[in-house]
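Below are the chains, spelled out letter by letter.
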Amino acid sequence: MIEDKNQSRTSLDQLGEFGLIEHLTKNFDIKHTSTIKGIGDDAAVLDAKSKQIVVTTDLLVENVHFDLSYVPLKHLGYKAVVVNLSDVYAMNASATQITVSIAVSNRFPLEALEELYAGIETAASFYNVDVVGGDTTSSTTGLIISITAIGEVDKNNVVYRSGAKPNDLLVVTGDIGAAYMGLQVLEREKEVFKVNPQNQPDLDLYTYIIERQLKPEARKDIIELLEKLDVKPTSMIDISDGLSSEIIHICKQSDVGAEIYENKIPLDPQVISTCEEFKIDSTTIALNGGEDYELLMTVSQEDFPKIKGNPNLTVIGYITEKARGMNLITRGEQAVPIIAKGWNAMKNEA
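Residues numbered from 1 in each chain as written. Predicted model: local features only at pLDDT ≥ 70, side-chain atom pairs only at ≥ 80, totals over all residues. Heavy atoms only, no water.

1. Focus on the confidence of the model for the protein chain
Averaged over all residues, the pLDDT of the protein chain is 89; the fraction at 70 or higher stands at 86%. Taken as a whole, residues 1-5 scores under 50 in pLDDT and shows 12 contacts with residues more than four places along the chain or in a different chain. (pLDDT = per-residue confidence, 0-100. Contact = heavy atoms within 4.5 Å.)

2. Examining the pairing of strand 8 (residues 235-239)
Among the five residues in strand 8, five count as buried, and that is most of the element. Relative to strand 10 (residues 294-299), strand 8 is paired through five bridges, and the arrangement is antiparallel. Across the sheet, the residue bridging to I237 is L296, located in strand 10. (Buried < 20%, exposed > 50% of the residue type's maximum accessible area, 1.4 Å probe, protein only. Helix = DSSP H or I, 4+ residues; strand = E, 2+ residues; numbered from the N terminus. Pairing = 2+ DSSP bridges.)

3. Examining helix 5 (residues 207-214)
Along helix 5, the residues classified as buried are I209, I210, R212, Q213 and L214. Looking at the buried side of helix 5, the elements it contacts are helix 2 (73-89), helix 4 (178-195), helix 8 (269-278) and strand 10.

4. Description of the sheet that holds strand 12 (residues 326-329)
To summarise the sheet geometry, strands pair through backbone hydrogen bonds and adopt either a parallel or an antiparallel arrangement. Strand order across the open sheet formed by seven strands is 8-10-7-11-9-12-13, with mixed pairing between neighbours. Two strands in the sheet have a free side with no partner beyond their single neighbour: strand 8 and strand 13 (335-337). Strand-to-strand twist of the sheet, defined as the mean angle between neighbouring strand axes without regard to direction, takes the value 25°. (Axes fitted to C-alpha atoms, helices over the stretch in contact; angles between N-to-C directions.)

5. Some details on the side chain of S240
Of note, S240 is situated in the loop between strand 8 and helix 7 (243-254). The residues contacting S240, other than those within four sequence positions of it, are E246, G290, E291 and Y293.

6. Here we look at the pairing of strand 6 (residues 144-153)
In terms of burial, strand 6 is largely enclosed, as seven of its 10 residues are buried. Taken together, the 10 bridges between strand 3 (residues 52-61) and strand 6 define a ladder with antiparallel strand orientation. The partner of T57 across the bridge, within strand 6, is T148. As judged from the nine bridges shared by strand 4 (residues 94-104) and strand 6, these two strands associate in the antiparallel manner. The partner of Q97 across the bridge, within strand 6, is I150.

7. Looking at empty space enclosed by the protein
Inspection of the entire model under this criterion finds one cavity of 30 Å³ or more. Roughly 30 Å³ of internal volume is contained in the largest cavity. Every element with two or more residues in the lining of the largest cavity is listed here: strand 4 and strand 6. Its residues assigned to classes, the lining of the largest cavity comprises four nonpolar, three polar and two charged. (1 Å grid on protein atoms, 1.4 Å probe; cavity = no way out; pocket = protein on both sides within 12 Å on 5 of 7 lines; lining within 4 Å. Points joined across faces, edges and corners; volume = space filled by probe spheres on them. Nonpolar A, V, L, I, M, F, W, Y, C, P; charged D, E, K, R; others polar.)

8. Comments concerning the nonpolar core
Core analysis: the largest hydrophobic core is formed by 88 residues, its most contacted members being L85, I98, L243 and I260. Examining the composition of this core, we find that nine residues originate from one element, helix 2, more than from any other. Contacts of L85, omitting those with residues within four sequence positions, involve A95, I98, Y127, V129, A149 and A218. (Core = buried A, V, L, I, M, F, W, Y, C linked by side-chain atoms within 4.5 Å.)

9. A word on the layout of surface pockets
In this structure, the second largest pocket occupies an estimated 510 Å³ of space. Around the second largest pocket, the lining is made up of 22 residues, and of these N92, S94, N157, I223 and E227 lie nearest the centre. Contributions of two or more residues to the lining of the second largest pocket are made by strand 4, strand 6 and helix 6 (220-229). Classifying every residue of the lining of the second largest pocket gives eight nonpolar, six polar and eight charged.

10. Regarding the packing of helix 4 against helix 8
Two numbers describe how helix 4 lies on helix 8: the axes approach to 10 Å, and their chain directions differ by 45°. By the angle class used here, helix 4 and helix 8 are oblique. At the point where helix 4 passes helix 8, the crossing takes the left-handed sense. Along the contact surface, helix 4 presents A178, M181, Q184, V185 and R188, while helix 8 presents V271, T274, C275, E277 and F278. Grouping the amino acids of the contact of helix 4 with helix 8 by side-chain chemistry returns six nonpolar, two polar and two charged. (Parallel < 35°, antiparallel > 145°, perpendicular 65-115°, else oblique. Left-handed = near helix turned anticlockwise from the far one by under 90°.)

11. Quick notes on the packing of helix 4 against helix 5
Look at helix 4 against helix 5: their axes get within 7 Å of each other, and the N-to-C directions meet at 100°. Overall, the two elements helix 4 and helix 5 adopt an arrangement that is roughly perpendicular. Every residue of helix 5 that contacts helix 4 at A178, A179, M181, G182, L183, V185 and L186 is listed here: Y208, I209, I210, R212, Q213 and L214. Looking at the contact of helix 4 with helix 5 residue by residue, the classes come out as 10 nonpolar, two polar and one charged.

Right, here's the structure in full:
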């Protein structure tokens with residue numbers, strides 16, 4: 001898509017590193033009083049006052065984390081921000097600033113990077129975060145994006161993975177499995193296109209799951225909802241590597257076990273129908289798919305009346321003593337050990 005011969009192409013050499021940074025970041029404005037100095041000096045200056053600072057970073061590598069044959073650069077920029085903000089919200093924190101660094105090969109013209117940064121700018125505006133710095137350099141292997149997200153939280157409100165207690169409820173936001181199935185559809189259509197470039201895919205049946213893959217959203221709204229409901233989770237994690245992996249993370253960090261119920265896992269009808277089309281078990285996809293960027297949390301049973309019936313929150317199980325292990329209770333009421341088979345960044349496979 002970036003090789004479109006009809007597009008104007010401006011070589012990055014014409015701007016140089018500092019000119020490129022100035023060009024790409026000229027539209028970023030400052031929104032937070034905690035941002036004392038953003039882009040334009042040797043380092044950003046932040047003032048957290050009495051808050052605790054949350055810092056997280058992610059690296060996205062072309063042909064490992066994204067495929068530009070079907071991922072629009074604007075969507076990629078947006079998603080690169082979202083995956084970092086999701087980690088901030090998983091700490092029950094508010095995201096305030098990000099830094100953006102890219103390594104880019106000479107096959108990318110300026111116009112391609114403008115599209116990428118347009119997505120970054122859209123996400124920064126939507127999630128109300130300041131872009132306060134970053135870096136650019138050349139690459140011999142395509143496009144690499146590194147974003148660091150910074151957030152703040154009151155000391156008494158921060159939530160770790162390590163606070164789950166036996167009898168706490170396991171709660172998940174939204175629905176899961178859609179992003180993985182969206183990826184399967186996109187990969188299938190890519191292979192069809194290779195065989196017949198004249199074939200135009202009809203994706204109307206898959207709009208929701210494709211959007212979940214290409215343009216996910218971080219659950220800032222859930223952090224605001226929990227505050228409104230006066231509910232502080234005992235532990236929390238974002239679902240980036242698959243539900244099973246995240247449950248295992250919480251259980252190991254909290255030294256507990258867990259039971260989740262297959263018939264309680266929230267699935268969108270489009271996920272179910274697409275799994276049937278691909279002849280894949282939908283529960284397997286929900287457990288192992290990843291990239292949903294929903295939140296998995298544990299909540300004290302005392303807070304159940306506050307979350308009961310809320311359409312954004314689904315109770316899928318509960319925390320047990322460590323000795324009972326981590327198990328999925330199937331629709332046939334059999335206990336099956338939960339095993340992490342989700343994304344492994346070092347193996348590049350799901």
